[in-house]
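# Descriptive structure summary
Each chain, letter by letter, is given below.
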Amino acid sequence: MTDLRTSYLGLDLGSPIVASAGPLTGNVETARRLAAAGAAAIVMPSLFEEEIVHDEVELNFALEAGAEHFPEALDYFPRFSVVDSVLDRYLTTIGELKSALDIPVIASLNGASPGGWVGYAQMLSHAGADALELNLYRLATDPDRTAAEVEADDLELIAEVVAAVDLPVVVKLGPYYSAMANFARRAAAAGAHGLVLFNRFYQPDLDVETRDVVPRIDLSQPWELRLPLRWIAILRPVLGRGVSLAATSGVHSGADVAKALLVGADVAMTTSALLRRGPEHVTTIETELRAWMAEHEYGSVAEVRGSVSHSTSQDPAAFERANYLRTLHSWTTPPTLLSTPRS
Amino acid sequence: MDESPGVSATTAPFACLDGNEAAARVAYRLSEVIAIYPITPASPMGEHADDWAAGGQPNLWGLVPQVVEMQSEAGAAGALHGALQRGALGTTFTSSQGLLLMIPNMFKVAGELTPAVIHVAARAVATHALSIFGDHSDVMHARTTGWALLASGSVQEAQDLALVAHAASLRSRVPFLHLFDGFRTSHEVDKVALLGDDDLRALVPDDDVLAFRSRALTPDAPVLRGTAQNPDVFFQAREAANPFYLAVPEIVQDAMDRFAAQTGRRYGLVDYVGAPDAERVVVLMGSAAGAAEEAVEVLAAAGQPVGLLKLRLYRPFPAEQLVAALPPTVRSVAVLDRTKEPGAVGEPLYLDVVAALDEACDRDPGLFTARPRVIGGRYGLASKEFTPAMVKAVLDEAAGEQPRRHFTVGIHDDVTHLSLDVDPEFRPARPEGEVQAVFFGLGADGTVGANKASVKIIGESTDLWAQGYFVYDSKKSGSVTVSHLRFGPEPIRSTYLVDEADFVACHQFGLLERMPVLARAKRGATFLLNSPYAPGEVWDHLPGEVQETILAKEIELWVIDAHRVARETGMGARINTVMQPCFFQLAEVLPAEEAIARIKQSVEDAYGDRGRTIVERNFAAIDRSLAELCLVDVPNAAAIDRSTALRLPDVAPDFVKLVTARLMAGEGDLVPVSALPVDGTFATGTAAYERRAIAQEIPIWDPQICIDCGKCTIVCPHAAIRMKVYEPGALEGAPDTFPTKSFRSKDIQGYSLTIQVAPDDCTGCGVCVDVCPAKSKVEVRHKSLDMAPVLDHRDRERVNWDFFGSIPPLARDLLPHGSVKGSQALEPLFEFSGACAGCGETPYIKLVTQLFGDRIVIANATGCSSIYGANLPTTPYTTDGEGRGPAWNNSLFEDNAEFGLGMRLGLDAQRELARTLLAGLAPAVGEDLARAILDAEQETEPQIFAQRERVARLLAALDGRDDPDARHLRAVAGALNRQGVWIIGGDGWAYDIGFGGLDHVLTSGRNVNILVLDTEVYSNTGGQASKATPRGAVAKFAASGKEATKKDLGAIARAYGNVYVAQIAVGANDVQAVKALLEADAWPGPSLVIAYSTCIAHGIDMSRSMSHQKDAARSGYWPLYRFHPTEAEGEHPFRLDSHPPSIPVRDFVAGEARYAVLGRTHPERAEHLAALVQADVDERWHYYQQLAAMERAIPHEPGPSVEEEAQP
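### Quick word on the sheet that holds strand 9 (residues 270-274) of chain B
As a general point, the strands of a sheet are linked pairwise by backbone hydrogen bonds and lie either parallel or antiparallel. Residues and elements named next belong to chain B. Ordered in space as 9-11-10-13-14-15, the six strands form an open sheet in which the pairing is mixed. This sheet does not close on itself; its edge strands, each paired only once, are strand 9 and strand 15 (406-409). Across the sheet, the mean angle from the axis of one strand to that of its neighbour is 25°, orientation sign disregarded. Note: strand 14 (residues 373-379) against strand 15, four bridges, orientation parallel. Bridge pairing in strand 15 places Gly-376 opposite His-406. Strands in contact with helix 11 (residues 288-301) are strand 9, strand 10 (280-284), strand 11 (306-311) and strand 14; relative to strand 11, the strand with the most contacts, it is inclined by about 160°. Docked against the sheet, helix 13 (residues 348-363) engages strand 10, strand 11, strand 13 (332-337), strand 14 and strand 15, running at close to 150° with respect to strand 13.

And the structure:
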């Protein structure tokens, strides 16, 4: 029997397939289906401090707009005893997920203020989350701040949160650090129990008719796995076994999970494939993974994990620049693009 | 949620609340069925009941009452009647016209001797004008119904006598109307000793309840009520109830005595205060007793033989008790009525007292030293201020040898000379240690909310007594609020405004120029001013009059830049928590540290449940506040007059200069009787003189980018941004700054265009900028319209606006009206109303006036549109250069369709008369002219103009003739011109209270145009649910989200087949909206246009009002369609103008607090209802798609078409 068990952030998981942050993991009903289909853990959608603040302020503004203006209408809404905020709902959802599921529930947080990160992290911890994912989603748009300063802030924040809560903390990173390996090692040194690679930024798009900037959310494509694969391969030997690594972005199939494990990930996280195909797709991924392991005679995830990392692959340079060159060489320009246009 | 109404008196003996809440707390706990309907000023009672029920609060018997909103007060009374008959304890709340609608059922309930209580916030009944304010004209109208009438004069009494009313009704079997004065008591916040459940149980014994239940209709012991009786027995049966009425006074007094034993607060049917040997006594009921008691105490203490008799039970009239309560020394009794009964010998209370005394003196001539003389006066109609000085004037009049038997007090009547002179200097001294404070603020800045909190803080956490009364102006945007607060060691009975304030705060610097802020300050008062100027600079920025008053009254001036502090602490425009600590600091009501702690606690109480952000921002503002407060070193002399207030133009009519201007300046109380119209008729077009200058930012036009689309002006709620198309020659004499561009049009060439803002009339809502599609090519965020600080542009735009006004409007027939730009080149005849900034209703009304305003009569249902349409001081409907414009009237809330139909019938009758007369006079006026008029088609603008010209010639031809036919024809000749009737109102009218009439008018076949401004709630009264409220939306009376789906009013109208029906949303499809209105006008039968109207009650950012409308259509939530009846076979009269839904409803509703909040309060229910809302939308789209494919023709006989038949 193939042994799919793995360990992530000190949590014992039944398999390396984790449902990552998305609409499915924020809802008890769909989370239940994910668990039933074999998801080994779920990561809840990120709690955004900015959203909490915006939501509180805007809702209050809306409920109080027009109040005490006019003698016939001293206000425009009923008096509510309790109005749950985004935060309240998030905390409630943690509780609901915990009581509905017997797999670990990982809360995810994106803060905006130094106090906010720590305060909210503690609340998520008290609400019963099994681990906390810090979603370091910020764009370094300030030209007066150096990379070193930005990184120092991140590291301080990680240290503060780790010190403030007594549950495992994993940091989800974007791919745009100029010295990724160094930063990863320092994040671990700051106390992060693991890293999730990588955050997918939702890039804004333009509507050419209205010339408006429009938010666009596209589900991931399998090719996007290649970036985390490379970096996990590189970081696995750097960080050592004490730091968990999760691959995310582009995990769509059992083969993708296998790749993640091969380069050294402890778990592979998937969202887009589940949104496309439904929570039950977890079972398919698991079946494919089992088939692949059986075919390649791996008895356990532990055996697979890290067998093709930077330090264990046959060709470590392949994970570095050479890889890029070879890829270019392998590209053949279609003849149509080379032909001379007719006048 | 308000405090639980079941709280025990032993744990929380005092609370600060208003009269509505005080009465509702008792009514709720003693009822099983509560039927409600919104009406000012009683709505909050129903809202409390609904909130408590939604929160699961039980009544005295552990049951959550059934709270049901009905379609009208008549419906509420009917439901109440039914509940009572089935043995359930019931109540309802109402006012004014609402009470009038309940009267038929009230006769029934009383006739059946059924215990019940209606709590009434007494309010003026509409006559020459509507008034939402307090007097007794409504309850006096109910005095013949057989209900007992019990009057409360204070917030404490509103609670206490509510209980007495319920108790006495159950004991006596006579239903009770418990009344207290609208606004003065219903909205005054006072410190009140609360009643606990024990008190209620002590007054309402089980035996009384069980006796009531034993009479319930039940099939287990069937009886029959409601028989029809014949002349043989009806009379006797009517008299059979007499013993029950005879018993009422004693039962009420017994309940009052038991109440006193339970609570220590003693009341009588009548209570006398004053000199035991009084010779002059005032008799009155209601809140006026507070002011009167103060006056009488002062006068009696000064040795004057005067007294006051406060009447509590008015029906059955306690004649015996009243006579017994008067001192035997009384010689003159002055009875004050807060109502007017034109043509009566005297008002009702006066007549009752006259009769009571007459009967008593006949019975026992020795009762009084001398037979007392009774005089009667009117006071306080529609919350007219009533002060101790007025009471003194009445008592002085009563002292005369030949006092006026009938008089008025509180006004200056220079027509019938009934009014008494009042000594303005007479003021009872205030108790030692009392603080009186007045605060001037804007609705949006949180001043009133903070003051209510201050009253609560002081009243509930100290031994001091506290009172708050709040005066709002009649505008929904930029409204000014004045808060009157009193705090002191003695209970506060002063039922009138503060006029000798120890403390005055002005929360908005700009108000210094608009009103006499320091007029109510006493000598040596403290003045707290929110100033954008530093302490060293502020003096030079004060208007001269303010400087003079500060010096003359030796006022201490303190300033703080509260707007800056609020901005810096994330509070936006809400400066309340910055100003509040300053008040506590300066007024020294509480020690500073304690005050800060208590303010923070009140913030915590108010917002703690809604997350920390708001609480922490408030805390930051509070903490910053005192450090920023500075005392100003006031110079010795006032500077030159720095007043920059806008002045009326010289061309303003005399009425505007003499009357309107005083109303605008807040001096309406001083206007004499002779200055006012006798029948409520006012000239239109006066809003243009008001120029309130309330915007912080205004739109500025860049002609380089403009694409001439007209979208900005079509959506402007206040007609404050205008489009004019003109020949370039019109620019002669234009100021250099006047912007212009060439007008692009396929219809006319060589014209110019200007888009112009009225800088002093714009509210700064930003809707025009939101919809402007013209973006700069080089910098996309710069559009043809950008909001900009008003102070940077005002001077230039004022000049431009004045010049813009001098450009003649484009001839109406030059551009086709069926496009946005074509319609927007037309002059709006509805401008500068007091509607909310960003109002979704007013653009439709304005558009109607652009398209047809010179030839329509409007019937307007009561509601927002009647308030912003016609609330004094000014009127937004106006006229064109020819003096033509909409003629407007508001009848009632419930009858508007019928009212409009009547206008149509009248118009048709006059047209027929005119045609007949004209045919007869043809030889005299010219056969050709007569024939041309009679045969004229008036479908197009040129045809309409041609007919007007012919009718003018006809009038000229008739000039000087005085034969009867000619005189009659002159009077009705106007009806020969095409005129339309527009029936306008909101969804509360069309879907609920007025639906029966609306439905009837739709079937009339008559040519009326009905415009329903559908905000999906009762907007004017504060957002109560109507049958237009969609499923899943939170509204008042639907606090846990409306369960039932929205009524499809259009479907009902379409069912008739011959009614033109359109559903429009100007923000979603402006061209379709214009076309629909044109088609409605053109359709010769009834037309119904249902217009989606974004509203502040939706909980949206109103500057994005039109974007919400777009999303409403895109999601299928508000499908656009036009149903154009036709006689042609094979046609598809239903035209679906929307595209298939392209976004889920979820995306639309997520941005509206009315939906979003349900997810926070009832998450599971929100999910459940959200799914149903999507299903509603899907189903309706599917259904409408099928309708669009269906053929339908109006059944008709071969021959002339309906259109032709309907032509004159």
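Here the narrative resumes.
### Remarks on the packing of helix 1 (residues 28-37) of chain A against helix 3 (residues 86-100) of chain A
Residues and elements named next belong to chain A. Where helix 1 meets helix 3, the closest approach of the two axes is 10 Å, and the angle between their N-to-C directions is 35°. The two elements helix 1 and helix 3 meet at a crossing, and its hand is right-handed. Taken together, the residues of helix 3 that come into contact with helix 1 (itself represented by Val-28, Ala-31 and Arg-32) are Glu-96, Leu-97 and Ala-100. The class makeup of the residues in the contact of helix 1 with helix 3 is four nonpolar, no polar and two charged.

### A short note on the pattern of salt bridges
Under the criterion given, the structure shown has 91 salt bridges over all chains. Between Asp-266 of chain A and Arg-305 of chain A there is a salt bridge, and its shortest N-O distance comes to 3.6 Å. In this pair, Asp-266 of chain A sits in the loop between helix 8 (254-263) and strand 12 (267-270) while Arg-305 of chain A sits in the loop between helix 11 (301-304) and helix 12 (321-330), placing the two residues 39 residues apart along the sequence. Each member of the pair, Asp-266 of chain A as well as Arg-305 of chain A, is classed as buried. Linking Asp-358 of chain B and Arg-371 of chain B is a salt bridge whose minimum nitrogen-to-oxygen distance equals 2.4 Å. Of this pair, Asp-358 of chain B sits in helix 13 while Arg-371 of chain B sits in the loop between helix 13 and strand 14, and the two are 13 residues apart along the sequence. A single salt-bridge network, built from bridges that share partners, covers Asp-75 and Arg-79 of chain A together with Glu-47, Asp-51 and Lys-1036 of chain B.

### Some words on the side chain of Asp-256 of chain A
Secondary-structure assignment places Asp-256 of chain A in helix 8. Not counting residues up to four positions away in its chain, the partners in contact with Asp-256 of chain A are Leu-225, Gly-250 and Val-251 of chain A.

### A closer look at the nonpolar core
Residues and elements named next belong to chain B. One finds Phe-176, Leu-177, Val-252, Leu-322 and Val-353 to be the most contacted residues of the largest nonpolar core, which totals 99 residues. The element that contributes the greatest number of residues to this core is helix 6 (residues 155-172), accounting for nine residues. Ignoring any residue separated from it by four or fewer positions in sequence, one finds Leu-177 in contact with Leu-99, Met-106, Ile-118, Val-120, Val-139, Ala-142, Trp-147, Ala-148, Leu-149 and Leu-150. Ranked by size, the runner-up nonpolar core spans 90 residues in total, among them Ala-835, Leu-907, Ile-993 and Leu-1187.

### What about the interface of chain A and chain B?
As a measure of interface size, the accessible area lost when the parts come together is often cited. With 34 residues of chain A at the contact, the number on the chain B side is 55 residues. Each partner contributes to the roughly 4,200 Å² buried at the junction of chain A and chain B, and carbon and sulfur atoms together form 54% of this total. Broken down residue by residue, the surface that chain A buries against chain B is led by Glu-72, Tyr-76 and Arg-79 of chain A, which jointly contribute 19%. Inspection of the region where chain A meets chain B yields seven salt bridges. With its nearest N and O atoms 2.9 Å apart, the salt bridge here joins Arg-79 of chain A to Asp-51 of chain B. Remark: the boundary between chain A and chain B carries 17 residue pairs in polar contact (both at pLDDT 80 or more).

### Some remarks on the packing of aromatic side chains
All names here are of chain B. Summed over all chains, the structure comprises 32 aromatic pairs over all chains. An angle of 20° between the planes, with centres 5.8 Å apart, marks the rings of Trp-801 and Phe-804 as stacked. Here Trp-801 pairs with Phe-804, and both are found in helix 26 (residues 790-806), just three residues apart, close to one helical turn. Here Trp-801 matches Phe-804 in class, with each residue buried. With centroids separated by 5.5 Å and ring planes inclined at 15°, the aromatic side chains of Phe-852 and Trp-982 adopt a geometry described as stacked. A residue pair is termed long-range when its members are at least 10 positions apart, and Phe-852 in helix 28 (residues 842-852) and Trp-982 in strand 30 (residues 980-986) qualify at 130 residues. Overall, the relative accessible area of 1% leaves Phe-852 in the buried class. According to the relative accessible area criterion, Trp-982 is buried, its value standing at 0%. Among the aromatic residues, ring-to-ring pairing joins Phe-439, Phe-487, Phe-503, Phe-583 and Phe-584 into one connected group. If you follow Lys-191 out to its NZ or CZ, it ends over the ring of Phe-14, 5.2 Å from the centre. We note Lys-600 situated over the ring of Phe-619; from NZ or CZ to the ring centre the distance is 5.3 Å.

Reading guide: rules and limits
Residues numbered from 1 in each chain as written. Chains lettered and ligands numbered in written order. Predicted model: local features only at pLDDT ≥ 70, side-chain atom pairs only at ≥ 80, totals over all residues. Heavy atoms only, no water. Pairing = 2+ DSSP bridges. Helix = DSSP H or I, 4+ residues; strand = E, 2+ residues; numbered from the N terminus. Axes fitted to C-alpha atoms, helices over the stretch in contact; angles between N-to-C directions. Contact = heavy atoms within 4.5 Å. Left-handed = near helix turned anticlockwise from the far one by under 90°. Nonpolar A, V, L, I, M, F, W, Y, C, P; charged D, E, K, R; others polar. Salt bridge = Lys/Arg side-chain N within 4 Å of Asp/Glu carboxyl O. Buried < 20%, exposed > 50% of the residue type's maximum accessible area, 1.4 Å probe, protein only. Core = buried A, V, L, I, M, F, W, Y, C linked by side-chain atoms within 4.5 Å. Buried area = accessible area lost by both parts, 1.4 Å probe. Polar contact = N/O pair within 3.5 Å; in protein donor to acceptor, adjacent residues only side chain to side chain. Phe/Tyr/Trp six-rings, centres within 6.5 Å; stacked < 30°, edge-to-face > 60°. Lys NZ or Arg CZ within 6 Å of the ring centre and 35° of its normal.

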